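# A look at the structure
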Amino acid sequence: MSAVLKLGIPAGSLQEATADLFRRAGYKISFSSRSYYPSIDDEEIECLLIRAQEMPRYVEDGALDAGLTGYDWIMETGADVHEVAELVFSKVSRRPVRWVLCVPEDSPVTTVRDLEGKRIATEAVGLTTAYLKRHGVTAKVEFSWGATEVKPPKLADAIVEVTETGSSLRANNLRIVDEVLRSTTRLIANRQSYADPWKRQKIDDVALMLRGAMAAEDKAGLMMNVRRQDLPKVLALLPALQHPTISDLADKHWVAVNTIIDESIVRHIIPRLKEAGARGIVEYPLTKIID
């Protein structure tokens, strides 16, 4: 029987963003509404849908060889896992999420010290307790089963909640007092699994392709032909990822230039390249960039 890597895919808010990242990395993941076992077009990988909050514990226990979860849940659970890669993506953006301490807009609380003896609602009890301890504050921390934003002021004096844009907090008239933790998605592995040569190679291969897909995001490739005499002017316009690749053509007076740039500047730079003497300019999409 061939070896299989048991890989945890985060269910819920990160599910579709994770599937999209894997697709761009070259893996096709498909979900069924009736199954917790997504299909993947790699016979050496078996996927399982697990909530990100639970992922570190199942990876630590070896029920999963590897999985994707947030740094926040690694810290919350205290799981002893190997962090293979940091992958900065979330459900709506490509930036870290923030766990923040919030109070109602009209609350007299201005610092965490003002919450001494008060009640705080949160899903991240461990993170919040550790945060309060660092600041020398004693407060009652209660686990929130959801809809945490609506609990102040009647059910809690403050909350610790995760946010990406802050829109939900503003909609519920909440004010941020302090940042508790910044978190990004991590690919984690069971330590024993990662010590196995085959599984380690498989996990590292997945990490490499995921990183490559993320590196290619919002980038584009440009190819063009340039007269040698115009080459300095063209190169001065190109903000290359490293250095443009320059190749000889059959006509010794011309060279081919190939480079990678931010997709957002393509429409601005192509007219300038043409003015500088570039010809046959071609833009092409990128799916992965492997350093």
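Here we summarise the structure given alongside this text. Because the structure is predicted, anything quoted here is derived from the model rather than measured. (Residues numbered from 1 in each chain as written. Predicted model: local features only at pLDDT ≥ 70, side-chain atom pairs only at ≥ 80, totals over all residues. Heavy atoms only, no water.)

## Some details on the overall build of the protein chain
Basically, it comes down to this: Only DSSP runs of H or I with at least four residues qualify as helices, and only runs of E with at least two residues qualify as strands; both kinds are numbered from the N terminus onward. Only the C-alpha atoms count toward the radius of gyration. The rule for a globule is 2.2 Å times the residue count to the power 0.38. Working definition: with a 1.4 Å probe on protein chains only, accessible area under 20% of the residue-type maximum means buried, over 50% means exposed, and in between means partly exposed. Residues are treated as being in contact if the distance between any of their heavy atoms lies within 4.5 Å.
Helix and strand counts for the protein chain come out as 9 helices and 16 strands. Whereas a compact globule of 291 residues would reach a radius of gyration of roughly 19 Å, the protein chain reaches 25 Å, over 25% beyond that. Reported as C-alpha extents along the three principal axes, the dimensions of the protein chain are approximately 80 × 60 × 35 Å. Per-residue burial for the protein chain yields a buried fraction of 42% across its 291 residues. Partitioning the contacts of the protein chain with sequence separation of at least 6, the portion at a separation of at least 24 is 70%.

## Concerning the pairing of strand β1 (residues 5-11)
For a regular strand, the rule is simple: side chains alternate between the two faces of the sheet. The line we're drawing: What makes two strands pair is DSSP finding at least two bridges between them.
Within β1, 5 of the 7 residues are buried, which leaves the element mostly enclosed by the surrounding structure. Here 2 bridges tie β1 to strand β5 (residues 66-70), and the two strands are oriented parallel to one another. Counted as the bridge partner of G8 is G67 from β5.

## So, the packing of aromatic side chains
The line we're drawing: Centres within 6.5 Å are what make two rings of Phe, Tyr or Trp a pair, Trp counting through its six-membered ring; a difference in plane orientation under 30 degrees is then read as stacked, over 60 as edge-to-face, and the rest as tilted. Remark: a charge is flagged as sitting over a ring if the NZ atom of Lys or the CZ atom of Arg is within 6 Å of the ring centre and within 35 degrees of the ring normal.
Summed over all chains, the structure comprises 3 aromatic pairs. A ring pair is formed by F22 and Y27, whose centres lie 5.8 Å apart and whose planes are at 65°; its orientation type is edge-to-face. Its relative accessible area of 11% is what places Y27 among the buried residues. In this arrangement the basic side chain of R57 is found over the ring face of Y58, its NZ or CZ atom lying 4.7 Å from the centre.

## So, the pairing of β5
Judged by how many residues are buried, β5 sits mostly within the fold: 5 of 5 residues are covered. Residues of β5 alternate between two faces, with A66, L68 and G70 on one and G67 and T69 on the opposite face, all of them buried. Here 5 bridges tie β5 to strand β12 (residues 185-189), and the two strands are oriented antiparallel to one another. Of the residues in β12, the one forming a bridge with G70 is T185.

## Considerations on the pattern of salt bridges
Defined as follows: A pairing counts as a salt bridge when a side-chain nitrogen of Lys or Arg comes within 4 Å of a carboxyl oxygen of Asp or Glu.
With the rule as written, the count across this model stands at 21 salt bridges. Note that E217 is salt-bridged to R24, the shortest N-O span being 3.4 Å. Taken as a pair, E217 in the loop between α7 (197-216) and β13 (219-227) and R24 in helix α1 (residues 15-25) lie far apart in primary sequence, 193 residues in all. Residue E142 pairs with K140 through a salt bridge whose shortest N-O separation is 3.6 Å. For E142, a relative accessible area of 24% gives the class partly exposed.

## A short note on the sheet that holds strand β15 (residues 254-262)
For the record, the criterion: For every element, the axis is a line fit to its C-alpha atoms; helices are fit only across the contacting stretch, and the angle between N-to-C directions ranges from 0 to 180 degrees.
Read from one edge to the other, the open sheet built from 4 strands follows the order β14-β15-β13-β16, with strand pairing classed as antiparallel. Of all strands in the sheet, those bounded by a partner on one side alone are β14 (245-248) and β16 (279-285). Direction aside, neighbouring strands of the sheet carry axes that sit 20° apart on average. Note: β14 against β15, 4 bridges, orientation antiparallel. Its bridge partner lying in β15, S247 is registered against A256.

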